[in-house]
Amino acid sequence: MSNNFRAKWDVIIVGGGAAGFFAAIRCAELTPTLRVLILEKSSQTLGKVLISGGGRCNVTHACFEPEKLITYYPRGGNELRGAYTRFQPNDTVAWFEARAVKLKTESDGRMFPVTDSSETVADCLYKAAEDAGVRVEVGASLLGVEKIPKGGFKLEVRSDAQIRFIETKKLLFATGGDRKSLNILHSLGHTIIDPVPSLFTFNIKDGRIHGLAGVAVEDVTLKMDTVITRGPLLITHWGMSGPAVLRCSAWGARILFDKKYASRLTVNWLGDYKLDSTLEILQRNKDWHENARKKVAAHSAFSQIPIRLWKQLAHFIGDKNWADVSKAEIRKLAEELTAGEFKIQGKGQFKEEFVTCGGVNLKEVDFKTMQSRIVDGLYLAGEVLDIDGLTGGFNFQSAWTTGWLAGNALSE
Ligand SMILES: Cc1cc2nc3c(=O)[nH]c(=O)nc-3n(C[C@H](O)[C@H](O)[C@H](O)COP(=O)(O)OP(=O)(O)OC[C@H]3O[C@@H](n4cnc5c(N)ncnc54)[C@H](O)[C@@H]3O)c2cc1C
């Protein structure tokens, strides 16, 4: 197939992911006369869309106010402010609906296709690209880019173990977190913020959570270095997961990388309870005459703490009745509940979603057009930029938005 491809194009998009497809479709729909090509190095395009959201594809998030939406981005929120006034989750919903893909909203705001299948989303993008006349070449890896003095770019591409050169007037990098592609951008003059993982779980080996895989606490506060997050927490076989942990991993992505994923984590199992009020509640439990002969380990004093976890957090009290617990033990328990100290000993994989923090420095991009401020005619969209969001559909949304904006500009 590659040999049949022409050597000159109006627009070449490197990367057949969410951002690349969205840009290609937008651009080709706006100006059908343009010759638009997507180059994808792997054997399949939209690979991440297909595996996303556990095979369901969490397309976007039901948050329709740009000011609120940008607070879900540990990196890139400010730059996305204007972009989200132009294309935001409402527009994503309408875009897919116009192409017969209806989205539904789950109770936590995540939006999925009603079919609960990521194939619906990928098929829609394939069809829209084909209808718009976008050409797609898979197994074609971009190795290098040269700027042509008179305008445009000369691309070195490898496919079928052969190297060839093709030219294009405009070039979009939608290469995700691919390091080699970032190196090419660096060679063109861009500053690259070192890519590191975001959205991961914490490996923690600790007797207090041992054997409790599956136990969830609805509202905890976590503190790791300067990062504070709040939300549900899930104990796993390897340590801790759940929204509070994923948020902590995202906001603390660079700190944790620098610390080689070994850090202290303080857990308030009671959300926002303070030490004093927790002490008071525990003291009341102790003073209550009906409790005097009851074992501390028998009932959790806080309904939000499941009994199995309570027993392990209060393990040092042993078999004692409430009446026999000392003041020091009450204080220690209150401290354990509101500021339990754990050690993060590594990172685990969150299978539903994963992104890299880092990429092209956002100062070097015009967010109205997604054009590079360093190289004329070069555009950037999606995860190749130093943008990453929390889990929940925010990462695809930034890919749709920046892809759409780039598509507008590429079509001119
Ligand atoms: C398992 C998993 C599940 C996820 N689930 C969700 C979810 O449900 N919701 C959500 O919002 N986000 C999710 N994400 C994140 C989301 O997939 C990414 O944010 C999004 O795919 C980024 O889109 P992109 O087009 O910028 O990059 P990518 O999807 O990474 O696409 C980049 C493409 O460029 C190609 N490429 C790179 N370099 C070259 C080169 N030199 N030559 C040719 N081709 C090249 C790559 O092969 C790749 O196909 C998930 C991520 C993972 C890993």
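Rules used throughout
- Residues numbered from 1 in each chain as written.
- Predicted model: local features only at pLDDT ≥ 70, side-chain atom pairs only at ≥ 80, totals over all residues.
- Core = buried A, V, L, I, M, F, W, Y, C linked by C-beta atoms within 7 Å.
- Buried ≥ 20, exposed ≤ 12 C-beta atoms within 10 Å, placed from the backbone.
- Helix = DSSP H or I, 4+ residues; strand = E, 2+ residues; numbered from the N terminus.
- Domains from an automatic or database assignment.
- Contact = placed C-beta atoms within 7 Å.
- Near = placed C-beta within 6 Å.
- Nonpolar A, V, L, I, M, F, W, Y, C, P; charged D, E, K, R; others polar.
- Axes fitted to C-alpha atoms, helices over the stretch in contact; angles between N-to-C directions.
- Parallel < 35°, antiparallel > 145°, perpendicular 65-115°, else oblique.
- Pairing = 2+ DSSP bridges.
- Arc of directions from axis to C-beta.
- Left-handed = near helix turned anticlockwise from the far one by under 90°.
- Expected span 1.5 Å × (residues − 1).

### Thoughts on the nonpolar core
Item 1. Residues Ile13, Ala23, Ala24 and Leu172 are the most contacted members of the largest nonpolar core, which totals 116 residues.
Item 2. Per-element accounting of this core gives the leading share, 9 residues, to helix H1 (residues 18–30).
Item 3. Counting contributing residues per domain, this core is built from domain 1 (2–197 + 355–410) and domain 2 (200–349), each supplying no fewer than three.
Item 4. When near neighbours in sequence (up to four residues on either side) are disregarded, Ala23 contacts Ile13, Leu172, Ala174, Ala381, Gly403, Ala406, Gly407 and Leu410.

### Quick look at the site of the ligand
Item 1. Close contacts around the ligand come from 37 residues, with Gly15, Gly17, Gly53, Gly176 and Gly382 the closest.
Item 2. Where the shell around the ligand is concerned, the elements lending two or more residues are H1, strand S2 (36–40), helix H2 (47–55), strand S7 (140–147), helix H7 (179–187) and helix H13 (394–410).
Item 3. Here the element with the most residues in the shell around the ligand is H2; it accounts for 5 residues.
Item 4. For the shell around the ligand, a count of residues per class yields 13 nonpolar, 16 polar and 8 charged.

### Some remarks on the packing of helix H4 (residues 77–86) against H13
Relative placement of two packed helices is described by the angle separating their axes and the distance separating the axes.
Item 1. Across the interface, H4 lies against H13 with an axial gap of 10 Å and an inter-helix angle of 75 degrees. Regarding the angle of H4 to H13, the classification is roughly perpendicular. Touching Leu80, Ala83, Tyr84 and Arg86 of H4 are Ser398, Thr401, Thr402 and Leu405, all from H13.

### With respect to the sheet that holds strand S3 (residues 60–61)
Item 1. Read across the open sheet, the 3 strands follow the order S3-S5-S4; overall the sheet is antiparallel. This sheet does not close on itself; its edge strands, each paired only once, are S3 and strand S4 (103–105).
Item 2. Where S3 meets strand S5 (residues 110–113), 2 bridges bridge the pair, whose relative direction is antiparallel. Bridged to His61 within S5 is Arg110.

### Some words on the pairing of strand S8 (residues 153–159)
Item 1. Summarising the sheet, S7 and S8 pair through 7 bridges and their orientation is antiparallel. Note that in S8 the partner of Gly144 across the bridge is Glu156.
Item 2. Following S7, the chain reverses through 5 residues before pairing antiparallel with S8; Gly151 in that reversal takes a positive phi of roughly 125 degrees.
Item 3. Both S8 and strand S9 (residues 162–173) contribute to a ladder of 7 bridges, which runs antiparallel. Bridge pairing links Leu155 to Ile166 in S9.
Item 4. Hairpin remark: S8 followed by S9, antiparallel, with 2 residues in the connecting loop; positive phi at Asp160, about 50 degrees.

### What about the sheet that holds strand S17 (residues 347–349)?
Item 1. On the basis of which strands lie adjacent, the open sheet formed by 7 strands has the order S16-S15-S12-S13-S14-S11-S17 and antiparallel pairing. Strands with a single pairing partner mark the edges of an open sheet, and in this sheet they are strand S16 (340–344) and S17. When strand polarity is set aside, the average angle formed by the axes of neighbouring strands in this sheet is 45 degrees.
Item 2. Two strands pair when backbone bridges link them, and strand S15 (residues 263–268) and S16 are joined in this way by 5 bridges, in the antiparallel orientation. Within the sheet, the bridge partner assigned to Ser263 lies in S16 and is Ile344.
Item 3. The strands that helix H8 (residues 243–251) touches are strand S11 (200–203), strand S12 (216–224), strand S13 (227–235) and strand S14 (239–241); relative to S13, the one it contacts most, it runs at about 140 degrees.

### A closer look at H2
In an α-helix, one full turn covers 3.6 residues, which means residues spaced three or four apart are oriented alike.
Item 1. Residues Val49, Ser52 and Gly53 constitute the buried set of H2. Taken down its axis, H2 places every buried residue within 45 degrees of arc, on the same side.
Item 2. Considering only its buried residues, H2 is in contact with H1, S5 and helix H6 (118–131).
Item 3. Trailing H2 by a residue or two, Cys57 shows a phi angle of about 60 degrees, which is positive.

### Considering the packing of H2 against H6
Item 1. Between H2 and H6, whose axes approach to 8 Å, the crossing angle comes to 155 degrees. With respect to their mutual orientation, H2 and H6 come out roughly antiparallel. In the crossing of H2 with H6, the sense of the turn from one axis to the other is right-handed. Contacts between H2 and H6 involve Val49, Leu50, Ser52, Gly53 and Gly55 on the former and, on the latter, Ser118, Glu119, Val121 and Ala122.
Item 2. Taken together, the residues that form the contact of H2 with H6 break down as 4 nonpolar, 4 polar and 1 charged.

### A look at the domain arrangement of the protein
Item 1. Under the domain assignment used here, the protein contains domain 1 (2–197 + 355–410) and domain 2 (200–349).
Item 2. Using C-alpha coordinates to define each centre, domain 1 is positioned 41 Å away from domain 2.
Item 3. Contacts between the two partners involve 7 residues from domain 1 and, on the opposite side, 9 residues from domain 2.
Item 4. For the side of domain 1 that touches domain 2, the per-class residue count stands at 5 nonpolar, 1 polar and 1 charged.

### So, the environment of Val138
Item 1. Considering the arrangement of structural elements, one finds Val138 in strand S6 (residues 135–138).
Item 2. The class of Val138 is partly exposed, set by 16 C-beta atoms lying within 10 Å.
Item 3. C-alpha of Val138 to C-alpha of Tyr126: the two residues are 12 residues apart in sequence and 13 Å apart in space.

### What about H1?
Item 1. The end-to-end C-alpha distance of H1 is 18 Å, a good match for the 18 Å that 13 residues give at a rise of 1.5 Å each.
Item 2. Extensive coverage of H1 is indicated by the burial of 11 of its 13 residues.
Item 3. Inspection of H1 places Ala18, Ala19, Gly20, Phe21, Phe22, Ala23, Ala24, Ile25, Arg26, Cys27 and Ala28 among the buried residues, and these make up the whole buried set.
Item 4. If you follow the buried residues of H1, they end up packed against strand S1 (8–14), S2, H2, H6, S9 and H13.

### Considerations on unusual backbone geometry
Item 1. Unlike most non-glycine residues, Ala100 shows phi in positive territory, near 70 degrees.
Item 2. With respect to the helices and strands, Ala100 occurs in the loop between helix H5 (89–98) and S4.
Item 3. For Ala100, a count of 9 C-beta atoms within 10 Å translates into the label exposed.
Item 4. Located in the positive-phi region is Met370, a residue other than glycine, with phi close to 65 degrees.
Item 5. Within the fold, Met370 resides in the loop between strand S19 (365–366) and strand S20 (371–372).
Item 6. Judged by the 29 C-beta atoms lying within 10 Å of it, Met370 falls in the buried class.

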